Amino acid sequence: MVDEELDPIQIPDELPVIPLRQLVVFPYMALPLFLGRERSIEAMEDALSNERCVLLVAQRDPDTEEPEPDDLYPVGTVAMIMRSMRMPDARIKILIQGLARAEIENFSKGEGPLWAQVQTIQTPPEPNWSVEVEAMMRAVKTRVEELLGLKNLPPEVLSVTSNVQEPGRLADLVASNLKLRLGDAQEILETRDPLMRLRRVDTLLRRELEVAAMQVEIQTQAKEELTRGQRETYLREQLRAIQGELGEVDQRFEEVEEYRAKIEDAQLAPEAETEAMRQLGRLERMHPDGPEAQVVRGYLDWMCELPWSVSSEDRLDLHNAQTILDEDHAYLDKIKERILEYLGVRKLRPDSRGPILCFVGPPGVGKTSLGRSIARAMGREFVRISLGGVRDEAEIRGHRRTYVGALPGRIIQGLRQAGTNNPVFMLDEIDKLGADFRGDPSSALLEVLDPEQNEKFSDHYLNTPFDLSRVFFITTANMLDTIPGPLRDRMEVIRLPGYTPEEKMEIARAFQIPRQMEEHGLPAERVHWSPAAVDDLVMHYTQEAGVRTLERQIAAVCRKAARRSAEGDTRTVHVTAKSLPGLLGPPRFLRETPNQEADPGVVNGLAWTESGGEVLRVEVETTSGRGLMLTGQLGDVMQESAKTAHTWVRAHLAREGLDDAPLSRRQVHIHVPAGGIPKDGPSAGVTMATALTSLATGRPARNDLAMTGEISLRGKVLPVGGIREKMLAAYRSGIRRVLIPERNAPDLAEVPKELKRKMEFILATNMEEVLAAAFTDPDAPTRPQPSKTRRSGSSFTGPGA
């Protein structure tokens, strides 16, 4: 829009700059702008604090978020900010009035918004009246009227242009209301001669008229095609009537009979067959080219292609199944035993229902590939769908057929893909399901994963029950905490812990190295791996619970060998401990050795994450002030454990007759690195209590000891989870002495025997026993009390632990 001409305003020589995206502002143009970038808002504030003038310049690339001087055009428009208003979304809305063209001479250096020294472009005097000027202005006004009839210009432009007599101002007015490309609009802004500017606008108007006329022609053709389609439908009906009179075959009758034969061959369930025949009757009465007929055809196609009565025959040879499982995966004995038990029950009772298993473990331990191996061992089809990030209930139950493009849910789609009604069906990443306004997919899975209900599973698209009781469902998850309780209760949870270093070495030698050699086209004798190289690869180039990174490192070595072979070097590549740094670079994970000197207030703790176990170094320090400060992204439960430990330590010091001033009269700061990783859970309670005691008494804790356990307000050491993963983490970090709650002693049965032989385990029932084991100084205030079970002094090793 265009305002009345303003009184002459003194424009400063230096102005703040606001870059514009896909917009060129012309003089005399008034319009609102929305500012969201920080530098633009600061430039607006600088302008309001001075003369209210600002330079508006278009940026060459609209995708540039923070444009620099080279990203801006050299000519812009000086504008005055008439008013400003802050929006609810933190943007600023300003109303500006264009004043004059200006050329940027140079930019001022400094922090904050851009400032530029400008030279106002003086408007050349308007040319005297001439036949050419008058003809050009009339032509432009006439084209504006034509374009207005095609609704490509706002209607108020016509009333304004009729009163403009200056060529330059008319050009600016028309250009500001045309939908021009950025380059064309900037070219008009930089053109100083009024008559040349008007000629350029006239050229753009002619182009815009051609485009508008083409749009009208396209719309007219679309209407004509619609009318033609209705006429063809009428003629087609007449043709069918004539064919009926002549006794010729009706194609619609053929289609209906074809669907009827498909329904009979599919051997649908009684309820499904009734629904399919009802829909077939509707199709027979419908117009064959109507949209509803297409929906019914799609529904009948799905009903006929689903495996209502097609099943795979199970291989019930338990010895063969054991061989296949061992060929594909090393260890994982508990899962293999569970599969063989199911096959044994299946052999004795063929009509038994399929189990619903949930494999829980860190990434890379083989959960997904294990499902494929189970299907191969049983002789069944394998289907996998990933549930990570799924938020729509219709992904499970399907869409109702009232929606355009409706489809069945992913369960039914998977069964159609498998072609049988008893596949091994893997629901991957079930712990990463979401929920929003479209429903809760985890609630929809309650029916799918319930053996008492899934024989009558109802998909919204099919609108008839489908029997899922023969399906062998397997779900996978990294952690159970995010799975709703009712859904978790329907599954048999089997945990897959991380591998020990010895197990990883065996997996690398027996499975991963041969597989990567084959994938890279290398014969078995082309690369020779020494045992020391595999050991270094596991210990110094990976640090994970699974073996995924290990296989990537093996693939990296094989790629280098494949390149040498492609270059003509056929010599055997010997991979040794000395040659690994040359192939993979320096070791990434060096085995930690405890420092000879320990610091007061620093204790090694153990934590469990969805990626396996971790060693956490809890640090405590005091500063001036009062209170308790917790850092390291600690969750609510972990913060409460820290407060409990702080209270117990102060009470313990008072009972021992020691001064608790370091904890009561100074600010206590507890930090758990790394600060960028969220942490939660109660298992660091004893670690924080030990660190607080160490700092308060000035006595360092043993740095070759790691501990885990929850602390109560009375100093009892309570059991925690993830013992096996924590032991593996301590071993990976070079720690061979671990303290755990006495009530976690049964969990040591899950710790591999080779770890038990190399590590020392200490059981504790209360904090006094923890402190006795943690402090090497005999004068430390521990005063251990008798325990009903093993004391901390009765540490033990070996497979009998």
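Quick summary incoming for the structure in this document. (Residues numbered from 1 in each chain as written. Predicted model: local features only at pLDDT ≥ 70, side-chain atom pairs only at ≥ 80, totals over all residues. Heavy atoms only, no water.)

1. Let's talk about the pattern of salt bridges
Rules: Salt bridge, as used here, is a side-chain nitrogen of Lys or Arg placed within 4 Å of a carboxyl oxygen of Asp or Glu. Only DSSP runs of H or I reaching four residues or more are called helices, and only runs of E reaching two or more are called strands; each is numbered from the N terminus. Here the term buried applies to any residue with accessible area under 20% of the maximum for its type, exposed to any over 50%, and partly exposed to those in between, with areas from a 1.4 Å probe on protein chains only.
On inspection of all chains with the given rule, the structure shows 38 salt bridges. Linking Arg197 and Asp172 is a salt bridge whose minimum nitrogen-to-oxygen distance equals 3.1 Å. Note that Arg197 is positioned in helix 6 (residues 194-246) and Asp172 in helix 4 (residues 167-177), a separation of 25 residues in sequence. Comparing Arg197 with Asp172, the two get one shared label, buried. Residue Asp184 is joined to Arg181 by a salt bridge in which the shortest nitrogen-to-oxygen separation is 3.7 Å. Taking relative accessible area as the criterion, Asp184 reaches 10% and is therefore assigned buried.

2. Points about the environment of Ala532
Structurally, Ala532 is set in helix 18 (residues 531-540). As a C-alpha pair, Ala532 and Lys578 span 46 residues in sequence and 9.2 Å in three-dimensional space.

3. Structural notes on the sheet that holds strand 13 (residues 492-495)
In plain terms, the rule: By this definition, two strands are paired if DSSP reports at least two bridges between them. Interaxial angles span 0 to 180 degrees and are taken between N-to-C directions of axes, which are lines fitted to C-alpha atoms, for helices over the stretch in contact.
Strand order in the open sheet formed by five strands is 8-9-12-7-13, and the pairing between neighbours is parallel. One side of each edge strand has no neighbouring strand; the edge strands of this open sheet are strand 8 (382-386) and strand 13. Each adjacent strand pair in this sheet contributes to an overall mean axis angle of 20°, direction not counted. Here strand 7 (residues 356-360) pairs with strand 13 via four bridges, running parallel. Paired with Val360 across the two strands is Arg495, which belongs to strand 13.

4. A short note on the packing of helix 17 (residues 501-519) against helix 18
Short version of the rule: Angular relationships are summarised with four words: roughly parallel below 35 degrees, roughly antiparallel beyond 145, roughly perpendicular across 65 to 115, and oblique for the angles in between. By the definition used in this description, the sense in which the near helix is turned from the far one sets the handedness, with an anticlockwise turn below a right angle giving left-handed and a clockwise turn giving right-handed. Here, residues are in contact when the closest pair of their heavy atoms is within 4.5 Å. Residues are sorted three ways: Asp, Glu, Lys and Arg are charged, Ala, Val, Leu, Ile, Met, Phe, Trp, Tyr, Cys and Pro are nonpolar, and all the rest, Gly among them, are polar.
It is the contact of helix 17 with helix 18, at a shortest axis distance of 9 Å, that shows an interaxial angle of 120°. In terms of axis orientation, helix 17 runs oblique to helix 18. When the axes of helix 17 and helix 18 are compared, the crossing they make is right-handed. Contacts between helix 17 and helix 18 involve Pro501, Lys504, Met505, Ala508, Arg509 and Ile513 from the former and Val534, Asp535, Val538 and Met539 from the latter. Residue composition of the contact of helix 17 with helix 18, by class: seven nonpolar, no polar and three charged.

5. Looking at the pairing of strand 12 (residues 472-477)
On a regular strand, each side chain points to the face opposite its neighbour's, so the side chains alternate between the two faces of the sheet. Burial within strand 12 is extensive, with six of its six residues counted as buried. Burial along strand 12 is two-sided: the face carrying Phe472, Ile474 and Thr476 and the face carrying Phe473, Thr475 and Ala477 are both buried.

6. Notes on unusual backbone geometry
With a phi close to 70°, Tyr28 is a non-glycine residue in the positive phi region. In this structure, Tyr28 sits in the loop between strand 1 (14-20) and strand 2 (30-35). Despite not being glycine, Gln267 shows a phi value in the positive range, around 55°. Looking at the secondary structure, you find Gln267 in the loop between helix 7 (251-266) and helix 8 (270-285).

7. A closer look at helix 12 (residues 367-378)
Stated precisely, the cut-off is as follows: In this scheme, a helix's expected span is set at 1.5 Å multiplied by one less than its residue total.
Taking 1.5 Å of rise per residue, the twelve residues of helix 12 would be expected to cover 16 Å, and the 17 Å separating its terminal C-alpha atoms lies within 8% of that figure. Listed in full, the buried residues belonging to helix 12 are Lys367, Leu370, Gly371, Ser373, Ile374, Ala375, Ala377 and Met378. Phi for Gly379, located one or two positions after helix 12, is positive at around 75°.

8. With respect to the nonpolar core
Just so we agree on the cut-off: Among the buried residues, those of types Ala, Val, Leu, Ile, Met, Phe, Trp, Tyr and Cys that are joined through side-chain atoms within 4.5 Å form a nonpolar core.
Core analysis: the biggest nonpolar cluster contains 66 residues, and Leu55, Leu56 and Ile96 have the highest contact counts within it. In this structure, Ile96 is in contact with Val25, Met29, Ala30, Leu31, Leu33, Leu56, Ala79, Met80, Ile81 and Met82, ignoring residues within four places of it in sequence. If you look at the next biggest cluster of nonpolar residues, it comprises 53 residues, including Ala321, Ile339, Val365 and Leu580.

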